[in-house]
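# Commentary on secondary and tertiary structure
What follows is each chain in one-letter form.
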Amino acid sequence: MNKNRFFILIALICLFAFVPMGNWAQENDTEEEGEIALPRQFREIVLGMSLDDLKSVLLEDSLFNFRGDRDVSFIPVREESLVETTGSTFIRRAFFQLRDGTLFIMAFTLHTGLVDHYSVFTQLVSKYGPPTSLNPQEAVWETEETLIAIERPLTVKYIDKRVFDDIINESTLIQSRRVHQRQEFLDEF
């Protein structure tokens, strides 16, 4: 048995052995089309909020050591902003990425001395059911609008899937254009 299959098998055994199954059926019955709504919010931080609103929330939240504008960077190539700050207890570092002035990714690197991967994983499974995708590096829950991932060693990400997919599509288009331009250049010889 290869190493990846072994880890997946162990994760599934733990999942089914330690997480109550009754909650999944109840939650799935409450959502239309069998899809559980994933949160787009952590505490008072909401995907889609503006940079000014994000800064205000971070200044008020004692879980973050936000220092104001010096924790904000602007990425001019993509019209994006990045807010990076430290946390005070359970969160070691937090990253917030904005595009066109709205938050589309929030990522929290957790302090593994205070909270462990298994506890976060089982909490999300109990609330949202089994992950859409599971491998030794990450567990992913996904709907049309939102993606939540737990990555190793211990980072939790909330992603606005529509904005993220738009960025991926733009990147693919740019790459395709470059390949075409390169070939046109080579044809000149």
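One can find the structure itself at the top, above this paragraph.
## Quick notes on the overall build of the chain
A count of helical and extended segments in the chain gives five helices and ten strands. Considering the chain as a whole, with its 189 residues, one finds that 35% of them fall into the buried category. Summed over its atoms, the accessible surface of the chain is roughly 11900 Å², and 53% of this surface lies on carbon and sulfur atoms.

## Details of the sheet that holds strand E5 (residues 91–99)
If you trace the eight strands from one edge of the open sheet to the other, you get E3-E4-E5-E6-E10-E9-E8-E7, paired in antiparallel fashion. The open sheet has two edge strands, strand E3 (72–75) and strand E7 (133–134), and neither has a second partner. Bridging between strand E9 (residues 146–151) and strand E10 (residues 155–160) involves six bridges; their strand directions are antiparallel. Residue pairing for E10: glutamate 151 is matched across the bridge by threonine 155. Relative to the sheet, helix H4 (residues 117–128) contacts strand E6 (102–110), E7, strand E8 (138–142), E9 and E10, its axis offset from that of E9 by approximately 155 degrees.

## Focus on the environment of glutamate 60
You can see glutamate 60 is positioned in helix H3 (residues 51–60). C-alpha of glutamate 60 to C-alpha of glutamate 44: the two residues are 16 residues apart in sequence and 9.7 Å apart in space.

## Examining the pairing of strand E4 (residues 80–86)
Across four bridges, the pairing between E3 and E4 is antiparallel. Looking across to E4, one finds that isoleucine 75 is bridged to glutamate 80. Where E4 lies against E5, seven bridges are found, and the strand directions are antiparallel. Residue pairing for E5: valine 83 is matched across the bridge by phenylalanine 96. Two successive antiparallel strands, E4 and E5, enclose a turn made up of four residues.

## A word on the pattern of salt bridges
Close approach of charged atoms lets side chains of opposite charge pair. Evaluated as defined, the whole model comprises eleven salt bridges. Note that arginine 67 is salt-bridged to aspartate 71, the shortest N-O span being 2.6 Å. The network of salt bridges with common partners includes Asp52, Lys55 and Asp69.

## Brief notes about the nonpolar core
Core analysis: the biggest nonpolar cluster contains 34 residues, and Ile45, Leu54, Phe64, Phe96, Leu103, Phe108 and Trp141 have the highest contact counts within it. Contributions of two or more residues to this core are made by H3, E5, E6, H4, E8, E9 and E10. Membership of the second largest hydrophobic core comes to seven residues, among which are Phe104, Ile105, Val140 and Leu147.

## A few points about the side chain of lysine 161
Assignment of secondary structure puts lysine 161 in helix H5 (residues 161–187). Residue classification places lysine 161 among the buried residues on the basis of a relative accessible area of 16%. Side-chain polar atoms of lysine 161 contact the side chain of glutamate 142, separated by 3.0 Å. Apart from residues no more than four positions distant in its own chain, lysine 161 is found in contact with Glu142, Thr143, Glu144, Glu145 and Thr146.

## What about the packing of aromatic side chains?
Applying the stated rule across the entire model yields seven aromatic pairs. Each ring, one from phenylalanine 42 and one from tyrosine 158, has its centre 6.4 Å from the other, and the planes form 50 degrees; the classification is tilted. With a gap of 116 residues between them, phenylalanine 42 in strand E1 (residues 41–42) and tyrosine 158 in strand E10 connect regions that are remote in the sequence. The class for phenylalanine 42 is partly exposed, based on a relative accessible area of 22%. Judged by centre distance (6.2 Å) and plane angle (40 degrees), the rings of phenylalanine 64 and phenylalanine 108 are tilted. One end of the pair, phenylalanine 64, is in the loop between H3 and E3; the other, phenylalanine 108, is in strand E6, and 44 residues separate them in sequence. The pair formed by phenylalanine 64 and phenylalanine 108 is uniform in burial state, with each residue classed as buried. Aromatic rings pair up to connect Phe42, Phe64, Phe96, Phe108 and Tyr158 into one cluster.

Calculation rules
Residues numbered from 1 in each chain as written. Predicted model: local features only at pLDDT ≥ 70, side-chain atom pairs only at ≥ 80, totals over all residues. Heavy atoms only, no water. Helix = DSSP H or I, 4+ residues; strand = E, 2+ residues; numbered from the N terminus. Buried < 20%, exposed > 50% of the residue type's maximum accessible area, 1.4 Å probe, protein only. Areas by Shrake-Rupley, 256 points an atom, 1.4 Å probe, with all protein chains shown as cover. Pairing = 2+ DSSP bridges. Contact = heavy atoms within 4.5 Å. Axes fitted to C-alpha atoms, helices over the stretch in contact; angles between N-to-C directions. Salt bridge = Lys/Arg side-chain N within 4 Å of Asp/Glu carboxyl O. Core = buried A, V, L, I, M, F, W, Y, C linked by side-chain atoms within 4.5 Å. Polar contact = N/O pair within 3.5 Å; in protein donor to acceptor, adjacent residues only side chain to side chain. Phe/Tyr/Trp six-rings, centres within 6.5 Å; stacked < 30°, edge-to-face > 60°.

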